[in-house]
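# Coordinate analysis (summary)
Residues per chain are reported as follows:
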Amino acid sequence: MDFEDCGFVPVFVYAIFGSSRQLATGPVALVSLLVSNVLGGIVDSSDELYTELAILLAFMVGVLECIMGLLRLGWLIRFISHSVISGFTSASAIVIALSQVKYFLGYDVVRSSKIVPLIRSIISGVDGFSWPPFVMGSSILAIILVMKHLGKRRKEFRFLRAAGPLTAVVLGTTFVKIFRPSSISLVGEIPQGLPRFSIPKEFGYAKSLIPTAFLITGVAILESVGIAKALAAKNGYELDSSQELFGLGLANILGSFFSAYPATGSFSRSAVNNDSGAKTGLSGIVTGIIMGCALLFLTPLFEYIPQCSLAAIVISAVMSLVDYHEAIFLWRVDKKDFLLWTITSTTTLFLGIEIGVLVGVGASLAFVIHESANPHIAVLGRLPGTTVYRNTLQYPEAYTYSGIVIVRIDAPIYFANISYIKDRLREYELDVDKSTRRGPEVLRIYFVILEMAPVTYIDSSAVQALKDLYHEYKSRDIQIAISNPHCEVLLTLAKAGLVELIGKEWYFVRVHDAVQVCLQHVQSLDHAPKDPNPLAEDKSNFLRRLLKQREEDSGVADMESGNKNLSINKKEHSESEPLLSRKS
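Residues numbered from 1 in each chain as written. Predicted model: local features only at pLDDT ≥ 70, side-chain atom pairs only at ≥ 80, totals over all residues. Heavy atoms only, no water.

### Some details on the overall build of the chain
We count it as follows: Helix numbers and strand numbers start at the N terminus; a helix is a DSSP run of H or I with at least 4 residues, a strand a run of E with at least 2. Relative accessibility under 20% of the residue-type maximum defines a buried residue, over 50% an exposed one, and the middle range a partly exposed one, all with a 1.4 Å probe and only protein chains included. Every residue pair with non-hydrogen atoms within 4.5 Å of one another is taken to be in contact. Throughout, the Shrake-Rupley method with a 1.4 Å probe supplies accessible areas, and for residues the shown protein chains are the sole cover considered.
Looking only at helices and strands, the chain features 25 helices and 10 strands. A total of 584 residues make up the chain; the buried ones form 50% of that total. Across the chain, contacts joining residues at least 24 apart in sequence account for 80% of those joining residues at least 6 apart. Total accessible area on the chain is roughly 28,700 Å²; 61% of this is exposed by carbon and sulfur atoms.

Structure follows, in structure tokens:
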């Protein structure tokens, strides 16, 4: 098993079964680190079992990706926020860089995915420092960074970005072949020829590898699907996420039969592939052919590659993954996402990659659950001169009406948030801004209008809670009105008997229609304050009355002013239609 095997068979398989035309698959630094850290804790890297476990891990990852693709479960990854991914990759990049420092220093450093043991090991072994690999590695790293910088700054030098790693390998190999320094460690012998077919073994270790397989699958999907979608959007074609998962899974399964460890889409190689003008999956097949030729004829040259040169390539690659610009951006824009970034990166650095991912995903899900259980609820007011109702906090000029509270619920209603919604409704009923209220002066709230246009779903627990709320309001002589419910929500309410309970006449198409009817009732209360039941008069005269727009505004203006002599001429105004006819 080696990098070449990982970049040979999987490349061909993905080119045939994948959906992206520019994605380049193969070994990726982050996945390589995950594999190395997990397997290093089980067996020594020089042991043959190490290779067998890496191959088994590729097979397990491929099976998981195929299952997710066939069951169309890629949507699960959406729960991992971008800030979590950024924090995880930034911390992982630091760990990867520190793990490669040993090739610069000339002495062994402990294998760990945590930053503290790495730093402690680097400091404690300083007596074994060797300057030749340090000078050579630092010089090659500087050359790569300069070439990358020139490639970014000037278009005519763009090819230098891709040529940097090749230059590092050529320079390092040439220096070793000429001077043969004994203090610089080399890659060593690499088996020549194409990988042979073999079935993955050591399934007895599968149980201990399951958490890592899930972790690598998640990281692979996040990186591959994210890159593939970005490239698809840039090149103007649609990407099938399920086919993408299936293609990656099949690439890993078949790759494991040819001694490959987990492969996934590479951001850097995909960017180079796209910049080179790749338009179809044929580019992957060409890459695979070149890799095959290298395995057949060039492996003797790889024996003399200095390990410090490869370490310089890895360090230069992961330096761009330390996304401190994203942290600064999140601090300015969204403190919650910055907190997620900080939690994920810190736990990844100090507690390890596996725990860092789990903590980051857990924190991300906790924020999602908190937002869902505490949805945004707004008190609405009418914008002057219009029939439009908006959030009074966002539009301070909007005014409310005495005796009426208009509330908009900006989320689906279900068991987790209904208690919060009920508590907020009680608060709004008791605490309404009196400075902007219009209409007749009344001492308390008689109507609560629920604007339900944003509510796309309501469950049985929420329906029962609404029934309880209706009875609670009824006992205090408060009427609920429903405005513009979603068709599925309305169907659920009808099946649960809430439409009949509240009354079909109290369901309206627009908030303004509901306000008109409620305002007329409040006006009648102002005329007859001793009437114990303000809703006892014939509702049909009020509920099937829709004022013409001009006359409506003038009539409402009278009501807003508290005019006690208001009268509505039935011949001059058309009837107002509620959402549901009482005869239906």
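Now, onward.
### Here's the deal with the sheet that holds strand β8 (residues 447-451)
Our working rule: Pairing between two strands is assigned when DSSP locates at least 2 bridges connecting them. Only C-alpha atoms enter the line fits that serve as axes; for helices the fit covers just the stretch in contact. Angles between N-to-C directions range over 0 to 180 degrees.
Reading across from one edge, β4-β3-β6-β8-β9-β10 is the order of the six strands in this open sheet, with mixed pairing throughout. Edge positions in the sheet fall to β4 (389-391) and β10 (507-508), since each of these pairs with one other strand and no more. Of the pairings in the sheet, the one linking β8 to strand β9 (residues 479-483) comprises five bridges and is parallel in character. Directly across from Leu450, in β9, lies its bridge partner Ile482. Its contacts with the sheet place helix α20 (residues 460-475) against β8 and β9, and it is angled at close to 135 degrees to β9.

### Side note on the confidence of the model for the chain
We count it as follows: As a per-residue quantity, pLDDT reports the predictor's confidence and falls between 0 and 100.
Here the chain averages 81 in pLDDT, while 85% of its residues score no lower than 70. Here residues 529-554 scores under 50 on pLDDT; set against residues more than four positions off or in separate chains, the count is 58 contacts. Confidence drops under a pLDDT of 50 for residues 556-576, and excluding neighbours within four residues, the segment shows 47 contacts in the predicted structure.

### With respect to a nonpolar patch on the surface
Counted only if it meets this: Like charges are joined within 9 Å and nonpolar side chains (Val, Leu, Ile, Met, Phe, Trp, Tyr) within 5 Å, but only among residues with over 30% relative accessible area and no salt bridge; these make up the patches. Each salt bridge in this description consists of a side-chain nitrogen of Lys or Arg and a carboxyl oxygen of Asp or Glu lying within 4 Å of one another.
Nonpolar side chains collect at one region of the surface, where Trp75, Leu76, Phe79, Leu365, Val368 and Ile369 lie side by side and expose about 510 Å² of accessible area between them. Along the polypeptide, Val368 turns up in helix α18 (residues 353-373). According to the relative accessible area criterion, Val368 is partly exposed, its value standing at 38%.

### Some thoughts on the pairing of β9
Along a regular strand, successive side chains alternate from one face of the sheet to the other. Selection criterion: Every crossover in which the path from the first strand over the helix to the second runs clockwise, viewed with the strands pointing away from the viewer, is termed right-handed.
Among the five residues of β9, five are classified as buried, and the element is accordingly described as predominantly covered. Of the crossover connections in this fold, the one passing from β8 over α20 to the parallel β9 is right-handed. Where β9 lies against β10, two bridges are found, and the strand directions are parallel. Across the sheet, the residue bridging to Ile482 is Tyr507, located in β10.

### Quick word on the packing of helix α5 (residues 82-100) against helix α7 (residues 115-124)
Spelled out, the test is: Convention used here: angles under 35 degrees read as roughly parallel, angles over 145 as roughly antiparallel, angles from 65 to 115 as roughly perpendicular, and any remaining angle as oblique. Rotating anticlockwise by less than a right angle from the far helix to the near helix defines a left-handed crossing, while the corresponding clockwise rotation defines a right-handed one. Any residue that is not Ala, Val, Leu, Ile, Met, Phe, Trp, Tyr, Cys, Pro, Asp, Glu, Lys or Arg is counted as polar, Gly included; the first ten are nonpolar and the last four charged.
Running from N to C, α5 and α7 cross one another at 25 degrees; their axes reach a closest spacing of 10 Å. In terms of orientation, α5 lies roughly parallel with respect to α7. The handedness of the crossing between α5 and α7 comes out as left-handed. Touching Ile94, Val95, Leu98 and Ser99 of α5 are Ile115, Leu118, Ile119 and Ile122, all from α7. For the contact of α5 with α7, a count of residues per class yields seven nonpolar, one polar and no charged.

### Some thoughts on the packing of aromatic side chains
Quick note on the threshold: To pair, rings of Phe, Tyr and Trp, with the six-membered ring standing in for Trp, must have centres within 6.5 Å; the planes then decide the type, stacked if under 30 degrees apart, edge-to-face if over 60, and tilted in the middle. For a ring to carry a charge above it, either NZ of a lysine or CZ of an arginine must fall within 6 Å of the ring centroid while also lying within 35 degrees of the normal to the ring plane.
What the rule picks out here adds up to 11 aromatic pairs. Judged by centre distance (6.0 Å) and plane angle (90 degrees), the rings of Phe59 and Phe203 are edge-to-face. Remark: Phe203 occurs in the loop between α9 (159-179) and α10 (206-235) and Phe59 occurs in helix α4 (residues 48-70); sequence separation between them is 144 residues. With relative accessibility at 45%, the residue Phe203 sits in the partly exposed group. Look at Phe175 and Phe179: their rings are 4.8 Å apart centre to centre, the planes differ by 40 degrees, and that puts the pair in the tilted class. Taken together, the residues Phe175 and Phe179, both in helix α9 and four residues apart, mark about one turn of the helix. A relative accessible area of 34% places Phe175 in the partly exposed class. Accessibility expressed as a relative area gives 55% for Phe179, which makes it exposed. In this structure, Arg21 is placed above the aromatic ring of Tyr237, and the distance from its NZ or CZ to the ring centre is 4.1 Å.

### Overview of helix α21 (residues 487-495)
In plain terms, the rule: What the arc describes is the spread of directions from the helix axis to the C-beta atoms.
For α21, every residue scored as buried is listed here: Val489, Leu490 and Leu493. Looking straight down α21, one finds that the buried residues subtend no more than 100 degrees of arc, so they occupy a single side. The outward face of α21, more than 90 degrees from its buried face, is lined by the exposed residues Cys487, Glu488 and Lys495. In this fold, the buried residues of α21 make contact with α20, α22 (498-502) and β10. Positive backbone phi, at 85 degrees, marks Gly497, one or two positions downstream of α21.

### A word on the environment of Phe350
Inspection of the secondary structure assignment puts Phe350 in helix α17 (residues 335-351). Here the alpha-carbon distance between Phe350 and Lys114, two residues 236 residues apart in the chain, equals 5.2 Å. What Phe350 contacts, discounting residues up to four positions off in sequence, is Lys114, Ile115 and Val116.

### Thoughts on the nonpolar core
To keep things clear, this is the line we draw: To form a nonpolar core, buried Ala, Val, Leu, Ile, Met, Phe, Trp, Tyr and Cys residues must be joined to one another through side-chain atoms within 4.5 Å.
Counting 56 residues, the largest nonpolar core has Val35, Leu39, Phe104, Ile122, Leu209 and Ile216 as its most contacted members. Take this core: its biggest share by element is nine residues, from α4. Discounting residues that sit within four places of it in the chain, Ile216 has contacts with Val31, Leu34, Val35, Leu57, Val61 and Pro262. Counting residues in each nonpolar core, the second largest holds 55 residues, with Leu380, Ile478, Leu498 and Val517 among its members.

### Focus on α9
Here is the rule: Residue count minus one, scaled by 1.5 Å, sets the expected span of a helix. In this analysis the local bend is the angle between axes fitted, respectively, to the seven residues ending at and the seven residues starting at the residue.
Taking 1.5 Å per residue as the helical rise, α9 with its 21 residues ought to reach 30 Å, and the 30 Å between its terminal C-alpha atoms agrees with that figure. By the largest-angle criterion, Pro165 marks the main kink of α9, which is about 35 degrees. Of all the positions in α9, only Leu160, Gly164, Ala168, Gly172, Thr173 and Val176 are classed as buried. Along its buried surface, α9 packs onto α8 (131-153), α14 (299-302) and α15 (307-319). A positive phi of about 45 degrees marks Arg180, the residue just after α9.

### A short note on the packing of α8 against α9
Relative to each other, α8 and α9 sit at 155 degrees, their axes nearing to 8 Å. In terms of orientation, α8 lies roughly antiparallel with respect to α9. The two elements α8 and α9 meet at a crossing, and its hand is right-handed. Residues Met136, Ile140, Ile143, Ile144, Met147, Lys148, Leu150, Gly151 and Lys152 of α8 form the contact with α9, whose own contacting residues are Leu160, Arg161, Ala163, Gly164, Thr167, Ala168, Leu171, Gly172, Phe175 and Val176.

### Observations regarding a negative patch on the surface
Note the following rule: Positive charges come from Lys and Arg alone, negative charges from Asp and Glu alone, with His and the N- and C-terminal ends not counted. Positions of charges follow a simple convention, taking NZ of Lys, CZ of Arg, CG of Asp or CD of Glu.
On the surface, Asp44, Asp47, Glu48 and Glu202 cluster together to form a negatively charged patch. Inspection of the secondary structure puts Glu48 in helix α4. Relative accessible area serves as the criterion here: at 62%, Glu48 is assigned to the exposed category.

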